[in-house]
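Structural features, examined
Read off the chains here:
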Amino acid sequence: MSQDYQALCQDCLRAPVFSSELDQKKAHQGEILCQCGGDLCACSDCLHIIQELVAGKRGYVGSVTSPVAEWSAHGGASESCQKDSGQ
Ligand SMILES: [Zn+2]
Ligand SMILES: [Zn+2]
């Protein structure tokens, strides 16, 4: 079983994957920020939330204030009302 060193952005719920435990720790300590500028956290709760998102859980995930409609590890969460019209 391979281990991913991930952290969860507290703002956009992106879950970047790091190549080493050291980088994961840096992210957890605020030395590496999410690309949106948000804080990353790699506590067991946040890692559990990532697992739930990967498994397909949507709606109120973790501490978000608005329900998650779409999610990807690279794109983070988006709400359905913010969806592009396709133009
Ligand atoms: Zn973010
Ligand atoms: Zn956390």
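Let me begin by describing the structure that accompanies this report. (Residues numbered from 1 in each chain as written. Chains lettered and ligands numbered in written order. Predicted model: local features only at pLDDT ≥ 70, side-chain atom pairs only at ≥ 80, totals over all residues.)

1. Topic: the environment of Leu 40
Following the sequence through the fold, Leu 40 ends up in strand β4 (residues 40–41). Sequence separation of Leu 40 and Gln 29 is 11 residues, and the distance between their C-alpha atoms is 8.1 Å. Residue contacts for Leu 40: discarding those within four places in its chain leaves Ala 7, Leu 8, Cys 9, Ala 27, His 28, Ile 32, Leu 33 and Cys 34. (Helix = DSSP H or I, 4+ residues; strand = E, 2+ residues; numbered from the N terminus. Contact = placed C-beta atoms within 7 Å.)

2. Digging into unusual backbone geometry
Trans peptide bonds make up the majority, and among non-glycine residues the majority have a negative phi. Notably, Leu 13 is not glycine yet its phi reads approximately 65°, a positive angle. With respect to the secondary-structure elements, Leu 13 resides in the loop between β2 (8–9) and β3 (17–18).

3. Overview of the nonpolar core
Ranked by internal contacts, the top residues of the largest apolar core, which has 15 residues, are Ala 7, Leu 8, Leu 13, Leu 40, Cys 46 and Ile 50. Of all the secondary-structure elements, those providing two or more residues to this core are β2 and α2 (44–54). With 4 residues, the single largest contributor to this core is α2. Those residues within four positions of Ile 50 in sequence are excluded, and the remaining contacts are Gln 6, Leu 8 and Ala 15. (Core = buried A, V, L, I, M, F, W, Y, C linked by C-beta atoms within 7 Å. Buried ≥ 20, exposed ≤ 12 C-beta atoms within 10 Å, placed from the backbone.)

4. Description of α2
Listing the buried residues of α2 in full gives Cys 46, Ile 49, Ile 50 and Leu 53. Buried positions in α2, seen along its axis, are confined to an arc of 105° and lie on one side of it. The exposed residues of α2 that point more than 90 degrees off its buried face are Ser 44, His 48 and Gln 51. For α2, the secondary structure elements touched by its buried residues are β1 (5–6), β2, β4 and β5 (70–72). Within two residues after α2, Gly 56 carries a phi angle of roughly 110°, on the positive side. (Arc of directions from axis to C-beta.)

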